[in-house]
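Residues per chain are reported as follows:
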Amino acid sequence: MTIGLHATETHLSPQQTHALGQIWQVLPEARLVGGVVRDLLVGRAVADIDMATPEPPEQVLETLKKAGIKVVPTGLAHGTVTAVIDAAPYEITTLRRDVETDGRHAVVAWTSDWQEDAARRDFTINAMSRGRDGVLHDYFGGRDDLAQGRVRFVGEAVTRIEEDALRILRFFRFQARYGGSQPDPEAMQAITQQATLLRGLSVERIWSELKRILTGPNVPPVLTLMDQTGVLAVLFPEGVTCARLVQMLEIGAPADAVLRLAALAPEDKAALARRLKLSKAEGTFLASVSDGPVPEPGMTDADLRRLLVQDAPEVLQGRTWLLQAEGADGASQDAWLTLRSTLSAMSVPVFPLAGRDVLAAGHPPGPQVGAVLEQVRAWWLAEGCTPPREACLAFLKKVLKSQS
(Lines give C-alpha, C1' and ligand atoms only; values in the text may rest on other atoms or scores of the structure.)
Protein backbone atom coordinates (compact mmCIF):
# COMPACT_ATOMS: atom_id res chain seq x y z
CA MET A 1 0.00 0.00 0.00
CA THR A 2 1.35 3.44 -0.89
CA ILE A 3 0.11 6.72 0.51
CA GLY A 4 1.03 10.23 -0.57
CA LEU A 5 2.95 12.06 2.15
CA HIS A 6 2.02 15.73 2.06
CA ALA A 7 4.89 18.17 2.09
CA THR A 8 3.58 19.97 5.17
CA GLU A 9 4.16 16.80 7.20
CA THR A 10 7.92 17.06 6.80
CA HIS A 11 9.94 18.45 9.69
CA LEU A 12 13.42 18.15 8.29
CA SER A 13 15.98 20.87 8.86
CA PRO A 14 17.46 22.68 5.85
CA GLN A 15 20.74 20.83 6.45
CA GLN A 16 18.96 17.46 6.44
CA THR A 17 17.00 18.34 3.31
CA HIS A 18 20.21 19.37 1.56
CA ALA A 19 22.00 16.17 2.60
CA LEU A 20 19.14 13.95 1.47
CA GLY A 21 19.16 15.74 -1.86
CA GLN A 22 22.82 14.82 -2.29
CA ILE A 23 22.21 11.18 -1.38
CA TRP A 24 19.13 10.85 -3.58
CA GLN A 25 21.04 12.35 -6.48
CA VAL A 26 23.28 9.27 -6.59
CA LEU A 27 20.99 6.70 -4.91
CA PRO A 28 17.57 7.56 -6.36
CA GLU A 29 16.01 4.26 -5.26
CA ALA A 30 16.89 4.80 -1.60
CA ARG A 31 14.10 5.52 0.90
CA LEU A 32 13.81 6.92 4.38
CA VAL A 33 13.00 4.10 6.79
CA GLY A 34 12.12 3.50 10.43
CA GLY A 35 12.02 6.25 13.00
CA VAL A 36 12.47 9.16 10.63
CA VAL A 37 9.31 8.19 8.72
CA ARG A 38 7.38 7.71 11.93
CA ASP A 39 8.48 11.08 13.31
CA LEU A 40 7.67 12.89 10.08
CA LEU A 41 4.12 11.52 10.28
CA VAL A 42 3.59 12.71 13.84
CA GLY A 43 5.24 16.08 13.17
CA ARG A 44 8.29 15.65 15.39
CA ALA A 45 11.66 17.15 14.65
CA VAL A 46 13.92 14.48 13.18
CA ALA A 47 17.16 13.74 15.01
CA ASP A 48 18.60 10.74 13.19
CA ILE A 49 18.00 9.75 9.59
CA ASP A 50 18.20 6.13 8.43
CA MET A 51 17.79 5.04 4.85
CA ALA A 52 17.53 1.75 2.98
CA THR A 53 18.40 0.89 -0.60
CA PRO A 54 18.26 -2.19 -2.85
CA GLU A 55 21.92 -1.81 -3.95
CA PRO A 56 24.53 -4.05 -2.24
CA PRO A 57 26.60 -2.29 0.44
CA GLU A 58 29.88 -2.38 -1.50
CA GLN A 59 28.16 -0.71 -4.44
CA VAL A 60 26.63 1.91 -2.16
CA LEU A 61 30.06 2.60 -0.69
CA GLU A 62 31.68 3.11 -4.09
CA THR A 63 28.78 5.17 -5.45
CA LEU A 64 28.95 7.62 -2.57
CA LYS A 65 32.74 7.86 -2.80
CA LYS A 66 32.61 8.63 -6.52
CA ALA A 67 30.09 11.39 -5.80
CA GLY A 68 32.54 13.00 -3.39
CA ILE A 69 30.46 12.16 -0.32
CA LYS A 70 32.40 11.07 2.75
CA VAL A 71 31.36 7.52 3.62
CA VAL A 72 32.35 5.18 6.45
CA PRO A 73 31.89 1.36 6.22
CA THR A 74 30.30 1.19 9.68
CA GLY A 75 28.73 -2.24 9.25
CA LEU A 76 29.37 -3.79 5.86
CA ALA A 77 28.68 -7.28 7.21
CA HIS A 78 25.20 -6.09 8.13
CA GLY A 79 24.77 -4.07 4.96
CA THR A 80 25.28 -0.65 6.51
CA VAL A 81 27.43 2.30 5.49
CA THR A 82 27.28 5.81 6.89
CA ALA A 83 27.38 8.90 4.73
CA VAL A 84 28.75 11.94 6.55
CA ILE A 85 27.52 15.28 5.22
CA ASP A 86 28.17 18.54 7.07
CA ALA A 87 29.41 16.45 10.03
CA ALA A 88 26.04 14.68 10.34
CA PRO A 89 25.70 10.89 9.86
CA TYR A 90 23.17 9.26 7.52
CA GLU A 91 23.02 5.48 7.82
CA ILE A 92 22.23 3.65 4.59
CA THR A 93 21.46 -0.08 4.80
CA THR A 94 20.91 -2.56 2.00
CA LEU A 95 17.51 -4.27 2.02
CA ARG A 96 17.73 -7.50 3.99
CA ARG A 97 15.91 -10.70 4.75
CA ASP A 98 16.54 -12.99 7.71
CA VAL A 99 18.16 -16.31 6.90
CA GLU A 100 18.55 -17.49 10.49
CA THR A 101 17.73 -16.05 13.94
CA ASP A 102 18.54 -17.28 17.45
CA GLY A 103 16.76 -14.78 19.70
CA ARG A 104 19.76 -12.44 19.85
CA HIS A 105 21.39 -12.19 16.43
CA ALA A 106 20.28 -12.72 12.85
CA VAL A 107 22.05 -14.03 9.78
CA VAL A 108 20.88 -11.89 6.88
CA ALA A 109 20.99 -11.89 3.09
CA TRP A 110 20.49 -8.98 0.73
CA THR A 111 17.22 -8.57 -1.14
CA SER A 112 15.63 -6.11 -3.54
CA ASP A 113 12.14 -6.66 -2.15
CA TRP A 114 11.03 -3.71 0.00
CA GLN A 115 8.16 -5.60 1.58
CA GLU A 116 10.43 -8.51 2.51
CA ASP A 117 12.74 -6.05 4.28
CA ALA A 118 9.80 -4.38 6.02
CA ALA A 119 8.49 -7.76 7.18
CA ARG A 120 11.61 -8.37 9.29
CA ARG A 121 11.14 -5.17 11.32
CA ASP A 122 9.67 -5.14 14.81
CA PHE A 123 6.54 -2.95 14.76
CA THR A 124 4.23 -1.74 12.04
CA ILE A 125 4.97 1.88 12.94
CA ASN A 126 8.67 1.20 12.27
CA ALA A 127 8.13 -0.74 9.03
CA MET A 128 7.17 2.18 6.79
CA SER A 129 9.39 3.79 4.17
CA ARG A 130 9.28 7.02 2.21
CA GLY A 131 10.80 7.54 -1.21
CA ARG A 132 12.37 10.52 -2.89
CA ASP A 133 9.00 11.31 -4.46
CA GLY A 134 7.40 11.79 -1.04
CA VAL A 135 5.28 8.64 -1.29
CA LEU A 136 4.79 6.65 1.90
CA HIS A 137 5.05 2.88 1.51
CA ASP A 138 3.08 1.18 4.27
CA TYR A 139 2.79 -2.60 3.90
CA PHE A 140 1.38 -3.47 7.32
CA GLY A 141 -0.91 -0.62 8.37
CA GLY A 142 1.66 1.33 10.35
CA ARG A 143 0.21 4.74 9.57
CA ASP A 144 -3.23 3.74 10.87
CA ASP A 145 -1.68 2.14 13.95
CA LEU A 146 0.28 5.34 14.60
CA ALA A 147 -2.89 7.41 14.32
CA GLN A 148 -4.81 5.05 16.63
CA GLY A 149 -2.06 4.73 19.25
CA ARG A 150 -1.40 1.05 18.56
CA VAL A 151 2.04 -0.48 18.93
CA ARG A 152 1.67 -3.74 17.05
CA PHE A 153 4.24 -6.29 16.01
CA VAL A 154 4.70 -6.96 12.31
CA GLY A 155 3.15 -10.36 11.67
CA GLU A 156 2.95 -12.73 14.64
CA ALA A 157 4.16 -11.23 17.92
CA VAL A 158 5.53 -14.56 19.14
CA THR A 159 7.68 -14.95 16.03
CA ARG A 160 9.05 -11.42 16.22
CA ILE A 161 10.05 -11.95 19.86
CA GLU A 162 11.65 -15.31 19.15
CA GLU A 163 13.80 -13.60 16.50
CA ASP A 164 15.09 -11.08 19.05
CA ALA A 165 13.91 -11.01 22.65
CA LEU A 166 15.02 -7.38 23.02
CA ARG A 167 11.84 -6.53 21.15
CA ILE A 168 10.03 -7.13 24.42
CA LEU A 169 11.67 -4.06 25.93
CA ARG A 170 11.38 -2.12 22.69
CA PHE A 171 7.63 -2.75 22.79
CA PHE A 172 7.33 -1.02 26.14
CA ARG A 173 9.51 1.88 25.04
CA PHE A 174 7.38 2.50 21.95
CA GLN A 175 4.16 1.86 23.86
CA ALA A 176 5.14 4.61 26.29
CA ARG A 177 5.83 7.07 23.48
CA TYR A 178 3.27 6.19 20.82
CA GLY A 179 0.73 3.84 22.37
CA GLY A 180 -2.72 4.58 23.72
CA SER A 181 -4.26 3.56 27.00
CA GLN A 182 -4.89 -0.04 25.89
CA PRO A 183 -1.85 -2.00 24.70
CA ASP A 184 -2.15 -4.51 21.87
CA PRO A 185 -3.54 -7.71 23.46
CA GLU A 186 -1.61 -10.05 21.15
CA ALA A 187 1.63 -8.32 22.05
CA MET A 188 0.90 -8.46 25.77
CA GLN A 189 0.03 -12.16 25.61
CA ALA A 190 3.17 -13.00 23.63
CA ILE A 191 5.39 -11.02 26.00
CA THR A 192 3.83 -12.72 29.04
CA GLN A 193 4.54 -16.12 27.49
CA GLN A 194 8.09 -15.28 26.48
CA ALA A 195 9.35 -12.87 29.15
CA THR A 196 11.99 -15.36 30.31
CA LEU A 197 13.71 -15.08 26.91
CA LEU A 198 15.15 -11.82 28.21
CA ARG A 199 17.56 -13.90 30.31
CA GLY A 200 19.35 -14.91 27.13
CA LEU A 201 20.22 -11.35 26.17
CA SER A 202 23.40 -9.52 27.05
CA VAL A 203 22.92 -7.22 30.02
CA GLU A 204 24.46 -4.39 27.99
CA ARG A 205 21.57 -4.55 25.51
CA ILE A 206 19.05 -4.77 28.34
CA TRP A 207 20.47 -1.74 30.18
CA SER A 208 20.67 0.29 26.97
CA GLU A 209 16.96 -0.25 26.36
CA LEU A 210 15.96 0.05 30.02
CA LYS A 211 17.67 3.45 30.26
CA ARG A 212 15.49 4.72 27.46
CA ILE A 213 12.36 3.40 29.13
CA LEU A 214 13.23 4.94 32.49
CA THR A 215 13.92 8.37 30.98
CA GLY A 216 11.07 8.34 28.47
CA PRO A 217 7.46 9.44 28.80
CA ASN A 218 4.68 7.67 30.72
CA VAL A 219 7.03 5.70 32.97
CA PRO A 220 4.44 4.70 35.63
CA PRO A 221 1.90 3.13 33.23
CA VAL A 222 4.56 1.34 31.25
CA LEU A 223 6.09 -0.08 34.45
CA THR A 224 2.63 -1.39 35.32
CA LEU A 225 2.50 -3.19 31.98
CA MET A 226 5.99 -4.57 32.50
CA ASP A 227 4.92 -5.83 35.91
CA GLN A 228 1.72 -7.42 34.55
CA THR A 229 3.66 -9.37 31.92
CA GLY A 230 6.31 -10.59 34.36
CA VAL A 231 9.09 -8.61 32.68
CA LEU A 232 10.06 -6.69 35.83
CA ALA A 233 10.34 -9.97 37.74
CA VAL A 234 12.77 -11.28 35.12
CA LEU A 235 14.86 -8.10 35.06
CA PHE A 236 14.83 -7.58 38.84
CA PRO A 237 14.50 -10.94 40.61
CA GLU A 238 15.10 -9.20 43.95
CA GLY A 239 11.92 -7.19 43.44
CA VAL A 240 11.17 -3.54 42.71
CA THR A 241 9.73 -0.53 44.53
CA CYS A 242 7.62 1.03 41.80
CA ALA A 243 5.78 3.23 44.28
CA ARG A 244 8.95 5.09 45.26
CA LEU A 245 9.89 5.71 41.64
CA VAL A 246 6.38 6.89 40.80
CA GLN A 247 6.43 9.27 43.75
CA MET A 248 9.81 10.59 42.70
CA LEU A 249 8.46 11.29 39.21
CA GLU A 250 5.43 13.04 40.64
CA ILE A 251 7.56 15.47 42.61
CA GLY A 252 9.52 16.40 39.49
CA ALA A 253 12.78 14.47 39.76
CA PRO A 254 15.12 14.83 36.75
CA ALA A 255 15.17 12.30 33.93
CA ASP A 256 18.32 10.56 35.11
CA ALA A 257 18.27 6.83 34.35
CA VAL A 258 20.59 5.79 37.18
CA LEU A 259 18.76 7.90 39.75
CA ARG A 260 15.49 6.33 38.66
CA LEU A 261 17.07 2.89 38.79
CA ALA A 262 18.14 3.62 42.37
CA ALA A 263 14.53 4.42 43.26
CA LEU A 264 13.16 1.38 41.46
CA ALA A 265 15.50 -1.41 42.54
CA PRO A 266 15.95 -2.04 46.28
CA GLU A 267 18.63 -4.72 45.90
CA ASP A 268 22.28 -4.21 46.79
CA LYS A 269 23.41 -1.43 44.50
CA ALA A 270 26.96 -2.68 44.00
CA ALA A 271 25.61 -6.10 43.02
CA LEU A 272 23.05 -4.48 40.72
CA ALA A 273 25.74 -2.42 39.01
CA ARG A 274 27.81 -5.54 38.40
CA ARG A 275 24.82 -7.52 37.15
CA LEU A 276 23.78 -4.85 34.65
CA LYS A 277 27.42 -4.09 33.81
CA LEU A 278 26.94 -0.38 34.35
CA SER A 279 29.79 1.90 33.38
CA LYS A 280 32.19 2.86 36.15
CA ALA A 281 30.61 6.31 36.41
CA GLU A 282 27.09 4.87 36.49
CA GLY A 283 27.99 2.26 39.09
CA THR A 284 29.71 4.81 41.32
CA PHE A 285 26.74 7.16 41.13
CA LEU A 286 24.25 4.35 41.82
CA ALA A 287 26.12 3.28 44.96
CA SER A 288 26.80 6.83 46.17
CA VAL A 289 23.33 8.21 45.66
CA SER A 290 21.83 5.28 47.56
CA ASP A 291 24.01 5.53 50.65
CA GLY A 292 25.34 8.45 52.66
CA PRO A 293 24.24 11.60 54.50
CA VAL A 294 21.31 13.36 52.90
CA PRO A 295 20.85 17.14 52.74
CA GLU A 296 17.55 17.99 54.39
CA PRO A 297 15.41 21.12 54.59
CA GLY A 298 16.41 23.24 57.55
CA MET A 299 20.13 22.50 57.34
CA THR A 300 22.41 25.49 57.68
CA ASP A 301 24.73 26.59 54.91
CA ALA A 302 27.63 25.33 57.01
CA ASP A 303 26.02 21.88 57.21
CA LEU A 304 25.53 21.82 53.45
CA ARG A 305 29.11 22.90 52.78
CA ARG A 306 30.37 20.08 54.99
CA LEU A 307 28.33 17.62 52.92
CA LEU A 308 29.69 19.09 49.70
CA VAL A 309 33.20 18.36 50.91
CA GLN A 310 32.31 14.67 51.18
CA ASP A 311 30.19 14.06 48.09
CA ALA A 312 29.64 15.48 44.62
CA PRO A 313 26.77 17.97 44.21
CA GLU A 314 24.88 15.69 41.81
CA VAL A 315 25.05 12.85 44.34
CA LEU A 316 23.67 15.05 47.12
CA GLN A 317 20.91 16.33 44.85
CA GLY A 318 20.00 12.75 43.95
CA ARG A 319 19.77 11.76 47.60
CA THR A 320 17.33 14.60 48.23
CA TRP A 321 14.99 13.25 45.54
CA LEU A 322 15.12 9.74 46.96
CA LEU A 323 14.45 10.94 50.51
CA GLN A 324 11.63 13.24 49.46
CA ALA A 325 10.04 10.41 47.49
CA GLU A 326 9.97 8.30 50.64
CA GLY A 327 8.04 11.09 52.35
CA ALA A 328 9.35 10.28 55.82
CA ASP A 329 10.61 13.77 56.64
CA GLY A 330 7.32 15.61 56.22
CA ALA A 331 8.93 18.70 54.65
CA SER A 332 6.97 20.69 52.09
CA GLN A 333 7.67 20.78 48.38
CA ASP A 334 8.76 24.42 48.70
CA ALA A 335 11.23 23.50 51.41
CA TRP A 336 12.84 20.90 49.16
CA LEU A 337 12.96 23.33 46.24
CA THR A 338 14.68 25.91 48.44
CA LEU A 339 17.20 23.32 49.61
CA ARG A 340 18.07 22.22 46.07
CA SER A 341 18.34 25.82 44.90
CA THR A 342 20.72 26.58 47.76
CA LEU A 343 22.83 23.51 46.96
CA SER A 344 23.00 24.45 43.29
CA ALA A 345 24.25 27.92 44.09
CA MET A 346 27.02 26.71 46.38
CA SER A 347 30.60 26.19 45.29
CA VAL A 348 32.31 23.00 46.43
CA PRO A 349 34.60 23.94 49.33
CA VAL A 350 38.23 22.89 48.97
CA PHE A 351 40.45 22.51 52.04
CA PRO A 352 43.30 24.95 51.30
CA LEU A 353 46.22 23.10 52.93
CA ALA A 354 48.27 20.05 52.05
CA GLY A 355 51.02 18.00 53.71
CA ARG A 356 53.71 20.24 52.27
CA ASP A 357 52.27 23.14 54.30
CA VAL A 358 52.75 21.17 57.50
CA LEU A 359 56.39 20.49 56.54
CA ALA A 360 56.95 24.13 55.58
CA ALA A 361 55.66 25.15 59.02
CA GLY A 362 58.50 23.16 60.64
CA HIS A 363 57.02 19.72 61.33
CA PRO A 364 59.45 16.90 60.58
CA PRO A 365 58.54 14.35 57.86
CA GLY A 366 56.75 11.24 59.05
CA PRO A 367 53.36 9.67 59.64
CA GLN A 368 52.33 12.44 62.06
CA VAL A 369 52.13 14.96 59.20
CA GLY A 370 48.80 13.47 58.14
CA ALA A 371 47.47 13.55 61.70
CA VAL A 372 48.34 17.23 62.08
CA LEU A 373 46.79 18.06 58.74
CA GLU A 374 43.61 16.20 59.69
CA GLN A 375 43.42 18.17 62.95
CA VAL A 376 43.48 21.44 61.01
CA ARG A 377 40.94 20.06 58.53
CA ALA A 378 38.59 19.08 61.37
CA TRP A 379 38.75 22.66 62.66
CA TRP A 380 38.10 23.99 59.12
CA LEU A 381 35.04 21.73 58.81
CA ALA A 382 33.75 22.78 62.23
CA GLU A 383 34.04 26.40 61.09
CA GLY A 384 31.74 25.68 58.15
CA CYS A 385 34.52 25.23 55.55
CA THR A 386 34.91 29.00 55.24
CA PRO A 387 38.33 29.85 56.81
CA PRO A 388 40.74 30.87 54.01
CA ARG A 389 44.27 29.58 53.60
CA GLU A 390 45.79 32.28 55.85
CA ALA A 391 43.46 31.38 58.72
CA CYS A 392 44.21 27.67 58.27
CA LEU A 393 47.95 28.36 58.37
CA ALA A 394 47.49 30.36 61.55
CA PHE A 395 45.58 27.50 63.16
CA LEU A 396 48.27 25.07 61.95
CA LYS A 397 50.87 27.10 63.86
CA LYS A 398 48.72 26.88 66.96
CA VAL A 399 48.52 23.11 66.64
CA LEU A 400 52.26 22.77 66.19
CA LYS A 401 52.93 25.12 69.10
CA SER A 402 50.67 23.09 71.37
CA GLN A 403 52.64 19.96 70.48
CA SER A 404 56.05 21.49 71.18
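Residues numbered from 1 in each chain as written. Predicted model: local features only at pLDDT ≥ 70, side-chain atom pairs only at ≥ 80, totals over all residues. Heavy atoms only, no water.

## Considerations on the overall build of the protein
Within the protein, the regular secondary structure consists of 21 helices and 10 strands. Taking 2.2 N^0.38 as the reference for a compact globule, 404 residues should give roughly 22 Å; the C-alpha atoms of the protein span a radius of gyration of 28 Å, well beyond that estimate. Principal-axis analysis of the C-alpha atoms gives the protein an extent of 90 × 50 × 40 Å. Burial statistics for the protein: of 404 residues in total, 46% are counted as buried. In the protein, the share of contacts with a sequence separation of at least 24, taken over all contacts with a separation of at least 6, comes to 63%. About 19,200 Å² of surface is accessible on the protein, with carbon and sulfur atoms providing 51% of the total. (Helix = DSSP H or I, 4+ residues; strand = E, 2+ residues; numbered from the N terminus. Rg over C-alpha atoms; globule rule 2.2 N^0.38 Å. Buried < 20%, exposed > 50% of the residue type's maximum accessible area, 1.4 Å probe, protein only. Contact = heavy atoms within 4.5 Å. Areas by Shrake-Rupley, 256 points an atom, 1.4 Å probe, with all protein chains shown as cover.)

## Comments concerning the nonpolar core
Membership of the largest hydrophobic core comes to 87 residues, with the highest contact counts inside it found for Phe172, Met226, Val231 and Leu261. Setting aside chain neighbours within four positions, we find Met226 in contact with Leu169, Phe172, Leu210, Ile213, Val231, Leu232 and Leu235. Residues Val369, Val372, Cys392 and Val399 belong to the second largest nonpolar core, which totals 14 residues. (Core = buried A, V, L, I, M, F, W, Y, C linked by side-chain atoms within 4.5 Å.)

## Overview of the pairing of strand β4 (residues 70-75)
Here β4 runs beside strand β5 (residues 80-85); their pairing, made up of 4 bridges, is antiparallel. If you follow Val71 over to β5, its bridge partner there is Ala83. In this structure, the hairpin formed by β4 and β5 is closed by a connection of 4 residues, where Gly79 is found at a positive phi of approximately 85 degrees. (Pairing = 2+ DSSP bridges.)

## Remarks on the pattern of salt bridges
Per the counting criterion, the structure on display carries 17 salt bridges. Among the ionic pairs, Arg205 bridges to Asp164, the shortest N-O distance being 2.9 Å. Residue Arg205 is found in helix α9 (residues 203-214), and its partner Asp164 is found in the loop between α6 (157-163) and α7 (167-178); the two are separated by 41 residues along the sequence. By sharing partners, the salt bridges in this structure join Asp144, Asp145, Arg150 and Arg152 into a single network. (Salt bridge = Lys/Arg side-chain N within 4 Å of Asp/Glu carboxyl O.)

## Focus: the environment of Gln324
Relative to the elements of secondary structure, Gln324 occurs in helix α17 (residues 313-326). Separated by 77 residues in sequence, Gln324 and Gln247 have C-alpha atoms that sit 8.7 Å apart. Side chain to side chain, Gln324 and Gln333 meet in a polar contact 2.5 Å long. Within the local environment of Gln324, its side chain forms a polar contact with the side chain of Arg340, the two groups lying 2.6 Å apart. (Polar contact = N/O pair within 3.5 Å; in protein donor to acceptor, adjacent residues only side chain to side chain.)

## Comments concerning the pairing of strand β6 (residues 88-94)
Sheet topology places strand β3 (residues 49-53) next to β6; 5 bridges connect them, and they run parallel. Paired with Thr53 across the two strands is Thr94, which belongs to β6. Note: β5 against β6, 6 bridges, orientation antiparallel. Paired with Thr80 across the strands is Thr93, a residue of β6. Counting the residues between successive antiparallel strands, the hairpin from β5 to β6 contains 2 residues, one of them, Asp86, with a positive phi of roughly 55 degrees.

## Focus on helix α15 (residues 280-289)
When we look at burial in α15, the residues that qualify are Glu282, Gly283, Phe285, Leu286 and Val289. Here the buried residues of α15 occupy an arc of 165 degrees about the axis, which is enough to place them on one side. What points out from α15, more than 90 degrees from its buried face, is the exposed set Lys280 and Ala281. (Arc of directions from axis to C-beta.)

## Details of helix α13 (residues 257-264)
Within α13, 8 of the 8 residues are buried, which leaves the element mostly enclosed by the surrounding structure. For α13, the complete set of buried residues consists of Ala257, Val258, Leu259, Arg260, Leu261, Ala262, Ala263 and Leu264. Buried positions along α13 lie against α9, α10 (219-228), α12 (242-250), α14 (269-276), α15 and α17.

## Some points on unusual backbone geometry
Positive phi, close to 55 degrees, is recorded for Asp86, a residue that is not glycine. In this fold, Asp86 is placed in the loop between β5 and β6. Of note in the backbone geometry, Lys277 takes a positive phi value of approximately 50 degrees without being a glycine. Among the secondary structure elements, Lys277 is positioned in the loop between α14 and α15. According to the relative accessible area criterion, Lys277 is exposed, its value standing at 53%.

## Thoughts on the packing of α9 against α10
Between two packed helices, both the angle of their axes relative to each other and the distance between the axes serve to describe the pair. Packing of α9 against α10 brings their axes to within 9 Å, and their N-to-C directions diverge by 135 degrees. Between α9 and α10, the angle falls in the class oblique. For the pair formed by α9 and α10, the contact residues are Leu210, Ile213 and Leu214 on the first element and Val219, Val222 and Met226 on the second. For the contact of α9 with α10, the class distribution of residues is 6 nonpolar, no polar and no charged. (Axes fitted to C-alpha atoms, helices over the stretch in contact; angles between N-to-C directions. Parallel < 35°, antiparallel > 145°, perpendicular 65-115°, else oblique. Nonpolar A, V, L, I, M, F, W, Y, C, P; charged D, E, K, R; others polar.)

## Topic: the environment of Asn218
Along the chain, the position of Asn218 falls in the loop between α9 and α10. Residue Asn218 is classed as partly exposed on the basis of its relative accessible area, which comes to 46%. Placed 31 residues apart in sequence, Asn218 and Leu249 show a C-alpha to C-alpha distance of 10.0 Å. A distance of 2.7 Å separates a polar side-chain atom of Asn218 from the backbone oxygen of Ala176.

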